[in-house]
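Coordinates in review
Listed below, chain by chain, are the residues.
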Amino acid sequence: MSSSKKQTLFISTLIISWYSSNIGVLLLNKFLLSNYGFKFPIFLTMCHMSACAFLSYISIVFLKLVPLQSLKSRSQFLKVATLSIVFCASVVGGNISLRYLPVSFNQAVGATTPFFTAVFAYLMTFKREAWVTYGALVPVVAGVVIASGGEPGFHWFGFIMCISATAARAFKSVLQGILLSSEGEKLNSMNLMLYMSPIAVVALLPVTLFMEPDVISVTLTLAKQHQYMWILLLVNSAMAYSANLLNFLVTKHTSALTLQVLGNAKGAVAVVISILIFQNPVTVMGIGGYSITVLGVVAYGETKRRFR
């Protein structure tokens, strides 16, 4: 096999694995939180962060998948800790929303990330885009408004949590660009995960004990009723880490434009698979709204690239 074919096969395998991990962890989250009786999104997030901390350490320190980058100052540690808290908030909010909303609608709301990123970039860094670029964000928001009106399983609290998680995700990306902007403080995503994860676990532990005090007893009861309970939690947590690892590898081996296109398609694939698995009712209005949002995201990415 020629080297170009090997490279193509390698990248294709990476992309398929990335899709599988991202969509798999999303669907498993939904299954555990809505269909399995495991109603502890904060504890679930803590499990994810624990797995990310442990597996990041193994991957970087022992397997040396990427060079270890050290934190050089107390200031840099505080910046990473701040990012970790914001990251936690986005993941917890997303997991809480899955208790109340179908995956399909969750993904539709999540597709508005570019809108919030543009807003935070303008407010925090005064970075302005061309007006045509901002114009492309109109269908992004309009599509979600239409999808909300056509969503049979709409739930206000779930929607607020989902919007908050999406905004926090965008805020984290802008904040990361500000806090870790100097060359001496930049960390690749794998090393950033290595340092953020343990901080997230420490932050989530008291919140879990306070907000979900019966998590241990209920989990043990569920484990007695369902023999695969612990396996599902372990697989789910491992997939949360692999999604981050594969995202890093796909970013490394493809272009930013390819990653953007793949990201947009991934949301659509997740929606189709979730509808087939969970059989949640959808309407023409809901599908139309989501389609408008995705087209708006594609248009935004294209105009941003052209008018940069």
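As annotated in an unreviewed UniProt entry, the chain carries the name udp-uronic acid transporter 1 and is attributed to Cardamine amara subsp. amara. We quote the UniProt Subcellular location (unreviewed entry) comment for the chain here in full: "Membrane".

Here Thr-45 is to be found in helix α2 (residues 41-62). Within the structure, the side chain of Thr-45 is placed 2.9 Å from the side chain of Asn-95, a separation counted as a polar contact. Non-local contacts of Thr-45, meaning those with residues more than four positions away in its chain, are made with Val-91, Val-92, Asn-95 and Leu-204.

Moving on, we come to the packing of aromatic side chains. This structure, assessed with the given rule, holds 14 aromatic pairs. Ring geometry for Phe-31 and Tyr-36: centres 5.2 Å apart, planes at 50 degrees, overall tilted. Judged by relative accessible area, Phe-31 falls into the partly exposed class, the value being 30%. Here the aromatic rings of Tyr-57 and Phe-62 are separated by 5.8 Å at their centres, their planes lie at 75 degrees, and the arrangement is edge-to-face. Exposure remark for Tyr-57: the relative accessible area of 42% places this residue in the partly exposed category.

Residues Tyr-57, Phe-62, Leu-63 and Leu-65 make up a contiguous nonpolar surface patch of about 450 Å² in total accessible area. Secondary-structure assignment places Phe-62 in helix α2.

The next thing to look at is the packing of helix α5 (residues 113-125) against helix α7 (residues 137-149). Contact pair α5 / α7: the axes reach a minimum separation of 9 Å and the direction vectors enclose 130 degrees. Between α5 and α7, the angle is such that the two are oblique. Between α5 and α7 the crossing geometry is left-handed. Where α5 approaches α7, its residues Pro-114, Phe-115 and Ala-118 are matched on the opposing element by Leu-137, Val-140 and Val-141. When its residues are assigned to classes, the contact of α5 with α7 shows six nonpolar, no polar and no charged.

The rules behind each value
- Residues numbered from 1 in each chain as written.
- Predicted model: local features only at pLDDT ≥ 70, side-chain atom pairs only at ≥ 80, totals over all residues.
- Heavy atoms only, no water.
- UniProt positions renumbered as here; feature names shortened; annotations may be inferred.
- Helix = DSSP H or I, 4+ residues; strand = E, 2+ residues; numbered from the N terminus.
- Polar contact = N/O pair within 3.5 Å; in protein donor to acceptor, adjacent residues only side chain to side chain.
- Contact = heavy atoms within 4.5 Å.
- Phe/Tyr/Trp six-rings, centres within 6.5 Å; stacked < 30°, edge-to-face > 60°.
- Buried < 20%, exposed > 50% of the residue type's maximum accessible area, 1.4 Å probe, protein only.
- Patch = residues over 30% accessible without salt bridge, like charges linked within 9 Å, V, L, I, M, F, W, Y side chains within 5 Å.
- Areas by Shrake-Rupley, 256 points an atom, 1.4 Å probe, with all protein chains shown as cover.
- Salt bridge = Lys/Arg side-chain N within 4 Å of Asp/Glu carboxyl O.
- Axes fitted to C-alpha atoms, helices over the stretch in contact; angles between N-to-C directions.
- Parallel < 35°, antiparallel > 145°, perpendicular 65-115°, else oblique.
- Left-handed = near helix turned anticlockwise from the far one by under 90°.
- Nonpolar A, V, L, I, M, F, W, Y, C, P; charged D, E, K, R; others polar.

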